[in-house]
Amino acid sequence: MAEFSPIFPAHAVERCAVSLSFRPEVPEKPYQRILVNARQAFEAKGFKLGQGPTGFNINPATGQVTPMKGGPSLLVSPDGQTQIFMAPDVITIMTSQYLRWSNLKAQIEMVLRTLEPEYTALVDLFAVKLEYWDRFNWTGTWDDLDVDKLLSANQIVSAQARSAEREWHSHSGWFLYQDGSRRLVNVNVNVQGILRPGAGESPSVAIYTMMQDEAFGPSLELFEREPVSSKLDVLHEELKAILEGILLPEVSHKIGLRKGRSH
């Protein structure tokens, strides 16, 4: 009988990312110094300079395009599975080498110990974001696809979308407010076909969950009071609860979301 299987035996995380956003942007000269220091620190750990996206400025009067000063930079781990993205207003750590939260958190803290003080000495921390991409592959075909063997009856995933016979996409997002901050939550579910060796195309369900806490109000002081590490712990637990809420209990247990196991 066909079933949904997580992409790994112990979890379904395809990749995950943590981002810190700052306001205002770090000025160009200090930012260039941050890049030099970061490259020296992380190249000593085996990271290599990658090909980051290029920013451009467009003069609206003349149409002239010039490279943006103080543009983004990308560092890539030796195995290519972890990337550190830096721009004047953001630090992002993305990895496809997820084991458990404790492992990811240790990796994040290693990066932020080097980079965060360099930014916050000059500008204010404005937002902290945590993202997960989970994937479950259907062992059958489109003809016998049954998303009810993966997803619970819930109000987050569109009932209209999940009634489709083949591919579908559901996007949900909302804001929550509390003293000194605003929280953005996104939940996307995407049913698509993927090519599997020897099996042709078969259905796959990708679930994207994201939570971002950002400063809201006239002062950043209340938002900055809580350490980034503590903010990330809260976001991780809240995202676990959301994912558990849209999956069947037996699926949640299989990937370690159920209470008592560390996801």
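Before any of the text, the structure's been laid out above.
Honestly, the overall build of the chain in this entry has me stumped. Any pointers?
Each helix and strand in the chain was counted, giving six helices and twelve strands. The buried share of the chain, taken over its 263 residues, is 46%. In the chain, the share of contacts with a sequence separation of at least 24, taken over all contacts with a separation of at least 6, comes to 69%. Summing over all exposed atoms, the chain offers an accessible surface of approximately 13500 Å²; the carbon and sulfur share of this is 52%.

Any chance you could explain the layout of surface pockets here in plain terms?
Where empty space is left in the structure can be found by rolling a water-sized probe over the atoms. In this structure, the largest pocket encloses a volume near 170 Å³. Gln178, Asp179, Gly180, Ser181, Arg183, Asp213, Leu222, Phe223, Glu226, Lys231 and Val234 together form the lining of the largest pocket. Residue assignment for the lining of the largest pocket shows that the elements contributing at least two residues are strand 11 (181-196), helix 4 (221-225) and helix 5 (228-246).

What should I look at first to understand the nonpolar core in this one?
One broad trend across soluble globular proteins is that nonpolar side chains are buried collectively. One finds Met86, Tyr132, Phe136, Leu151, Ile207 and Leu247 to be the most contacted residues of the largest nonpolar core, which totals 66 residues. No other element matches strand 9 (residues 124-138), which puts eight residues into this core. Beyond its immediate sequence surroundings of up to four residues, isoleucine 207 is in contact with Tyr132, Trp133, Asp134, Phe136, Leu151, Asn188, Val189, Leu243, Ile246 and Leu247. Counting residues in hydrophobic clusters, the runner-up holds five residues, among them Ala17, Trp133, Leu184 and Tyr208.

Any chance you could explain the pairing of strand 12 (residues 200-215) here in plain terms?
The side chains of a regular strand alternate, first on one face of the sheet and then on the other. With 14 of 16 residues buried, strand 12 lies mostly within the body of the structure. Across 16 bridges, the pairing between strand 11 and strand 12 is antiparallel. Bridge assignment links leucine 195 to a residue of strand 12, and that residue is glutamate 201.

It is not clear to me how the packing of aromatic side chains should be interpreted in this structure. Could you clarify?
Aromatic ring pairs are described here by two measures, namely the spacing of the ring centres and the angle between the planes. Applying the stated criterion across every chain yields a total of six aromatic pairs. Seen in terms of ring centroids, tyrosine 177 and phenylalanine 216 are 5.1 Å apart; in terms of plane orientation they differ by 70°. Their pairing is edge-to-face. Within this pair, whereas tyrosine 177 is found in strand 10 (residues 168-178), its partner phenylalanine 216 is found in the loop between strand 12 and helix 4, the two being separated by 39 residues in sequence. Taking the relative accessible area as the measure of exposure, phenylalanine 216 reaches 41% and is therefore partly exposed. Of note, arginine 15 hangs over the ring of tryptophan 133, and the distance from its end group to the ring centre comes to 4.2 Å. Sitting over the face of the ring of phenylalanine 223, lysine 231 holds its NZ or CZ atom 3.8 Å from the ring centroid.

Mind showing me how you'd approach the pattern of salt bridges here?
Two side chains with opposite charge may pair up if their charged atoms get near one another. Using the criterion set out here, one finds ten salt bridges in the structure. Linking arginine 183 and aspartate 213 is a salt bridge whose minimum nitrogen-to-oxygen distance equals 2.7 Å. A residue pair is termed long-range when its members are at least 10 positions apart, and arginine 183 in strand 11 and aspartate 213 in strand 12 qualify at 30 residues. Each of the two residues, arginine 183 as well as aspartate 213, counts as buried. Close ionic contact of lysine 240 with glutamate 237 constitutes a salt bridge, the shortest N to O distance being 4.0 Å. Here the residue lysine 240 and the residue glutamate 237 both occupy positions in helix 5, the gap between them amounting to three residues, near one helical turn. A relative accessible area of 45% means that glutamate 237 is categorised as partly exposed. Ionic contacts of the salt-bridge type, sharing partners, join the residues Arg166, Glu167 and Glu201 into one network.

Is there a simple way to explain the side chain of threonine 95 in this structure?
Structurally, threonine 95 is set in strand 8 (residues 90-95). A distance of 3.0 Å separates the side chain of threonine 95 from the side chain of threonine 82, its partner in a polar contact. Residues in contact with threonine 95, not counting those within four places in the same chain, are Arg15, Cys16, Gln81, Thr82, Leu104 and Gln107.

Looking at this structure, how should I read the environment of proline 218?
Looking at the secondary structure, you find proline 218 in the loop between strand 12 and helix 4. You can call proline 218 exposed: its relative accessible area is 95%. For proline 218 and glycine 180, which are 38 residues apart along the polypeptide, the C-alpha to C-alpha distance reads 8.4 Å.

Cut-offs used in this document
Residues numbered from 1 in each chain as written. Predicted model: local features only at pLDDT ≥ 70, side-chain atom pairs only at ≥ 80, totals over all residues. Heavy atoms only, no water. Helix = DSSP H or I, 4+ residues; strand = E, 2+ residues; numbered from the N terminus. Buried < 20%, exposed > 50% of the residue type's maximum accessible area, 1.4 Å probe, protein only. Contact = heavy atoms within 4.5 Å. Areas by Shrake-Rupley, 256 points an atom, 1.4 Å probe, with all protein chains shown as cover. 1 Å grid on protein atoms, 1.4 Å probe; cavity = no way out; pocket = protein on both sides within 12 Å on 5 of 7 lines; lining within 4 Å. Points joined across faces, edges and corners; volume = space filled by probe spheres on them. Core = buried A, V, L, I, M, F, W, Y, C linked by side-chain atoms within 4.5 Å. Pairing = 2+ DSSP bridges. Phe/Tyr/Trp six-rings, centres within 6.5 Å; stacked < 30°, edge-to-face > 60°. Lys NZ or Arg CZ within 6 Å of the ring centre and 35° of its normal. Salt bridge = Lys/Arg side-chain N within 4 Å of Asp/Glu carboxyl O. Polar contact = N/O pair within 3.5 Å; in protein donor to acceptor, adjacent residues only side chain to side chain.

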